[in-house]
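# Structural description and commentary
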Amino acid sequence: MAETLSDLDTFDRKILDILTVEGRISVTELARRIGLSKSPTQARLKRLEDQGIIRGYRALYDPIRLGRDHVAFVEVKLSDTRENALAAFNAAVMLVPEVEQCHLIAGAFDYLLKVRTAGMTGYRAVLAEKISTLPHVSNTSTYVAMQAVKEEGITPVAPGAGG
């Protein structure tokens, strides 16, 4: 069972690098591009899926074209940072669809959220009605993004890999 990057061979890494950019590629084309036949490529895909290395496939949409062009980064400070409080916050924040990302931070605040809404009015509602009411929230600070310079989230499996 491959559990770390070092357990993946060159073919596995090529599969992951290609699927990161082209998730709808056919198995036949994927096999051609990595230099294996179709059957071993399918077997590798199934193994990577079964092991949870490939967690799923999804469509990437353009949030701006869908009217969700307001991005805010929110620093969240909690009143309690014991394990039960963190678990309660973690569970509750998962239920807020406008929160695209949530990271526990080592620093002057406890969490950093990436929040996407249709505009400032929508963001203010999410902040007041959802984020500020999450368990143990004592303080928030908002930073509004003016432009996304890089946001694709596509990285090669191994540094220097890909392509």
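Here the structure is shown first, and the text comes after it.
For the structure given in this document, a descriptive report is provided here. These numbers were taken from a predicted model, which means no experiment stands behind them.

As a further point, take the overall build of the protein. On a plain count of helices and strands, the protein comes out with five helices and four strands. Listed by position from the N terminus, the elements making up the protein come as α-α-α-β-α-β-β-α-β. Here the protein, with 163 residues, has 31% of them falling under the buried criterion. Counting contacts in the protein only where the partners sit at least 6 residues apart, residues at least 24 apart contribute 63% of the total.

Turning our eyes to something else, we now look at the sheet that holds strand 2 (residues 99-104). Sheet architecture is open: four strands sit in the order 2-3-1-4, paired in antiparallel fashion. What marks the edges here is a single partner per strand, and that holds for strand 2 and strand 4 (137-144). When the angles between neighbouring strand axes are averaged without regard to direction, this sheet yields 20°. Two elements, strand 1 (residues 70-78) and strand 3 (residues 111-117), share seven bridges in a ladder whose sense is antiparallel. Across the sheet, Phe73 pairs through a bridge with Lys114, a residue of strand 3. Packing of helix 4 (residues 83-93) onto the sheet brings it into contact with strand 1, strand 2, strand 3 and strand 4, and relative to strand 3 it is tilted by some 15°. Here helix 5 (residues 120-131) sits on the sheet and contacts strand 1, strand 3 and strand 4; the angle it forms with strand 3, its principal contact strand, is near 135°.

To continue, consider the environment of Leu127. Mapped onto the elements of the fold, Leu127 is located in helix 5. Linking Leu127 and Ile105, residues 22 residues apart in sequence, is a C-alpha distance of 19 Å. Once residues within four sequence positions are removed from consideration, Leu127 is found in contact with Ser132, Thr140 and Thr142.

Before going further, it helps to spend a moment on the pairing of strand 2. For strand 2 and strand 3, the ladder comprises five bridges, and the chain directions are antiparallel. Across the sheet, the residue bridging to Val99 is Val115, located in strand 3. What sits between the antiparallel neighbours strand 2 and strand 3 is a turn of six residues.

Parameters at a glance
Residues numbered from 1 in each chain as written. Predicted model: local features only at pLDDT ≥ 70, side-chain atom pairs only at ≥ 80, totals over all residues. Heavy atoms only, no water. Helix = DSSP H or I, 4+ residues; strand = E, 2+ residues; numbered from the N terminus. Buried < 20%, exposed > 50% of the residue type's maximum accessible area, 1.4 Å probe, protein only. Contact = heavy atoms within 4.5 Å. Pairing = 2+ DSSP bridges. Axes fitted to C-alpha atoms, helices over the stretch in contact; angles between N-to-C directions.

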